[in-house]
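Topology and contacts: notes
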Amino acid sequence: MSLTFEPIHVLRKKLVSGELSPVDLAQETLQRFREVEPRINSFVELNEKKVLSQAEATDIHSGPLAGIPITLKDNINVTGESCGCSSKILKGYVAPYDATVTTHLKRAGAVLFGRANMDEFAMGSSTENSSVKVTRNPWNLETIPGGSSGGSAASVSAGQTIAALGSDTGGSIRQPAALCGVVGTKPTYGRVSRYGLVAFASSLDQIGPITRDVRDAALLTSVLSGLDSMDATSLDLPVPDFMANLEGGVKELRIGLPKQYFIKGIHPEVEAAVQKAIKTLESLGASVVEVDLPHTEYAVATYYIIATAEASANLARFDGVRYGHRTEKDVNIIDMYGETREEGFGTEVKRRIILGTYVLSSGYYDAYYLRAQKVRTLIRQDFTNAFNKCDVILTPTSPTPAFKIGERTADPLAMYLADIFTIAVNLAGTCGISIPCGMTSDNLPIGLQLIGKPFDEATMFRAAYTYEQATDWHKARPKL
Amino acid sequence: MSQPTPIDVNYVSVLARLNLSSEETASFQTQLEKILSYVELLEKVNVDGVEPTAHAIPRFNVFRDDIEKPSLNPEVALQNAPRQANQLFLVPNVID
């Protein structure tokens, strides 16, 4: 098997033993990148010279990621590199500082391996909202890779990189990971600093890894986590070594199944694969308990009010003054803002800014935004109550496998419903992981979501790892 | 609660400082009316006495010592400016 399909923990052993050098690994990964990139289009930028110079400078004992190529989503800052958020308005922008997660990766010895395509400003579920290119799902080039971290998920799935970072506001790590057959982790809100992540919806955004297996997910989550004085929402909690207890098994583990998540409208093969996964976990010793998340049906509506409201405020900074695009038109300052933003933003971003501005505007704030914040409280309480009865919650990650390119672009609401099973986790602020659990008859990956208690990623990872070790889905590779 | 009047995309685009083409205004008008009628389902939820959630993991009063720390120097802060002069961002006339 090609090296670039090996997980980090296997490659690290080869690097430490001297069987493999960082430069050889970088060369091999670049080779694979070149070979399949014209068909997948995962990357918006990759500087081969920079990759090789990092690999050459690597001290293999400098940290847990030393010599490992890792790709960043195009909304995470790296000093001296572009950070375009796959948007025209940030074309040519060069980051003046490192995001805190970038600092963590550098300290751990990672070889930063280019920038992954995404839905513009992380708004979307298919990566079709990128202003740069359309990324294709490595399992079927006619289908979308999911989104918004679609480039990150596709690049890992296609063996173009070893692992990638994404950001998850309503499912943007977990959903593309599910659709591309890889592992996607959203840590608990407050676990990972967002300093240097271009903000979309600040009460929901969280950075996390997209990896080949659960052990790599645990490793990267440990590297990325921790208090940061530059992000006041990051929490001062001990950062466990999430790899330490992966092998503890699932005996005595209580798995909650929310009845509201096993509904009509789920693709029958997704439902069957998830039911089979439940049986597998039971056979490994876990017990299953039905739990109630009664406000589930309100999650998508709540999310699209809160997320767009926050986005409309966060994206006000893109006004043509300090960075990014400015209109060439000779107009007064108010029209300079308006024209710059018209020229720079894509359709979905504009749609959300308008919706978010509306729900915050005088006369509508109470009816929409404030009400959504109250419903959010109820959704959060649902999870608190459910976690009194169980240790992890199990659901499908996405109601359907990857859909065809172009299929949902004309109907924003249909696109929003792609995130129906992932959104509540962000509203509740807790952690979730998507792992591969099957393939459809059309050979498209199916993802299983495990949701952990806030700050209990350790139990979530252990359950995911135990399932993964009992199955082979994570070893499936797309034929390219 | 009384029914809010429908969204006026033209007016909101002024609030958002976001000019729109007439095609965009028309398509957003239809699409956002549909999305807003979907989110009306939140009116079914009884939220009497429920506190709003601004952050899922509440955190208050994050203080730090008031100590001067290094920050971006002016050259770096200006490196992405569309127009600049004299270490300042240049904008069109604000007062005619």
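Residues numbered from 1 in each chain as written. Chains lettered and ligands numbered in written order. Predicted model: local features only at pLDDT ≥ 70, side-chain atom pairs only at ≥ 80, totals over all residues.

For the rest of this paragraph, the subject is the overall build of chain B. A count of helical and extended segments in chain B gives 3 helices and 2 strands. Helices and strands appear in chain B in the N-to-C order α-α-α-β-β. If you line up chain B on its principal axes, its C-alpha atoms span 55 × 45 × 25 Å. Relative to its 96 residues, chain B shows a buried fraction of 17%. (Helix = DSSP H or I, 4+ residues; strand = E, 2+ residues; numbered from the N terminus. Buried ≥ 20, exposed ≤ 12 C-beta atoms within 10 Å, placed from the backbone.)

Our next topic: the interface of chain A and chain B. Contacts between the two partners involve 58 residues from chain A and, on the opposite side, 46 residues from chain B. Breaking the side of chain A that touches chain B down by element, the ones donating at least two residues are α9 (299-314), α10 (333-344), α11 (347-360), α12 (366-386), α13 (412-416) and α14 (423-428) of chain A. For the side of chain A that touches chain B, the element with the most residues is α12(A), which contributes 11 residues. Looking at the side of chain A that touches chain B residue by residue, the class counts come to 32 nonpolar, 15 polar and 11 charged. (Contact = placed C-beta atoms within 7 Å. Nonpolar A, V, L, I, M, F, W, Y, C, P; charged D, E, K, R; others polar.)

Time to look at the packing of helix α7 (residues 214-224) of chain A against helix α15 (residues 457-469) of chain A. Residue and element names in this part refer to chain A. The N-to-C vectors of α7 and α15 enclose an angle of 160°; their axes lie 9 Å apart at closest approach. On the basis of their axis angle, the class for α7 and α15 is roughly antiparallel. For α7 against α15, the interelement crossing comes out left-handed. Contacts between α7 and α15 pair Val-214, Arg-215, Ala-217, Ala-218 and Thr-221 from the former with Glu-457, Phe-461, Ala-464, Tyr-465 and Glu-468 from the latter. (Axes fitted to C-alpha atoms, helices over the stretch in contact; angles between N-to-C directions. Parallel < 35°, antiparallel > 145°, perpendicular 65-115°, else oblique. Left-handed = near helix turned anticlockwise from the far one by under 90°.)

Moving on, we come to the domain arrangement of chain A. Residues and elements named next belong to chain A. According to the domain assignment, chain A consists of domain 1 (3-253) and domain 2 (297-374). Spacing between the C-alpha centres of domain 1 and domain 2 amounts to 27 Å. If you look at the interface, domain 1 gives 20 residues, while domain 2 gives 17 residues. Per-class residue counts for the side of domain 1 that touches domain 2 are 9 nonpolar, 8 polar and 3 charged. (Domains from an automatic or database assignment.)

Residues and elements named next belong to chain A. Taken in spatial order, the 11 strands line up as β1-β3-β2-β4-β6-β5-β10-β11-β9-β7-β8 in an open sheet, and their pairing is mixed. Both outer strands of the open sheet, β1 (43-45) and β8 (287-291), are each paired with one neighbouring strand and no more. Strand-to-strand twist across the sheet, computed as the mean angle between neighbouring axes with direction ignored, equals 30°. Pairing of strand β2 (residues 69-73) with strand β3 (residues 111-116), which is carried by 4 bridges, proceeds in the parallel orientation. Counted as the bridge partner of Pro-69 is Val-111 from β3. (Pairing = 2+ DSSP bridges.)

Another point: unusual backbone geometry. Ser148(A) follows Gly147(A) through a cis peptide bond whose omega is 10°. Summarising the element assignment, Ser148(A) is placed in the loop between β3 and α5 (150-157). Located in the positive-phi region is Phe455(A), a residue other than glycine, with phi close to 65°. Along the polypeptide, Phe455(A) turns up in the loop between β11 (445-452) and α15. C-beta crowding within 10 Å serves as the criterion here: with 20 such atoms nearby, Phe455(A) is assigned to the buried category. For Arg17(B), which is not glycine, the phi torsion reads 50° and is therefore positive. On the secondary structure map, Arg17(B) appears in the loop between α1 (9-15) and α2 (22-39). A tally of 19 C-beta atoms within 10 Å means that Arg17(B) is categorised as partly exposed.

Next up on the list: the environment of Leu52(A). Residue and element names in this part refer to chain A. Note that Leu-52 resides in helix α3 (residues 48-56). By the C-beta count within 10 Å, which is 16 here, Leu-52 ends up partly exposed. Residues Leu-52 and Thr-400 lie 348 residues apart in sequence; the distance between their C-alpha atoms is 39 Å. Residues contacting Leu-52, with those up to four places away along its chain left out, are Val-23 and Ala-26.

What follows is about the packing of α11(A) against α2(B). Two quantities define a packed helix pair, namely the angle between the helix axes and the distance between the axes. The N-to-C vectors of α11(A) and α2(B) enclose an angle of 60°; their axes lie 11 Å apart at closest approach. One element, α11(A), and the other, α2(B), form an angle in the oblique class. Handedness of the α11(A)/α2(B) crossing: right-handed. Of the residues in α2(B), those in contact with Lys350(A), Arg351(A), Ile354(A) and Leu355(A) of α11(A) are Glu24(B), Phe28(B), Gln31(B), Leu32(B) and Ile35(B).

On to the nonpolar core. Ile70(A), Ile305(A), Ile354(A), Val392(A), Phe461(A) and Ala464(A) are the most contacted members of the largest nonpolar core, which totals 163 residues. Top element by residues in this core is α9(A). It accounts for 10 residues. For this core, the domains that each give at least three residues are domain 1 (3-253) and domain 2 (297-374) of chain A. In contact with Ile354(A), not counting residues within four places along its chain, are Val9(B), Val12(B), Ser13(B), Ala16(B), Leu18(B), Phe28(B) and Leu32(B). (Core = buried A, V, L, I, M, F, W, Y, C linked by C-beta atoms within 7 Å.)

Residues and elements named next belong to chain A. Taken together, the buried positions of helix α1 (residues 8-17) are Ile-8, Leu-11, Arg-12 and Leu-15. What you see down the axis of α1 is that its buried residues fit within an arc of 105°, all on one side. Exposed residues pointing more than 90 degrees away from the buried face of α1 are listed as Lys-13 and Ser-17. Those residues of α1 hidden inside the fold are in contact with α2 (22-40), β4 (163-168) and α7. At the exit of α1 stands Gly-18, carrying a positive phi of roughly 90°. (Arc of directions from axis to C-beta.)

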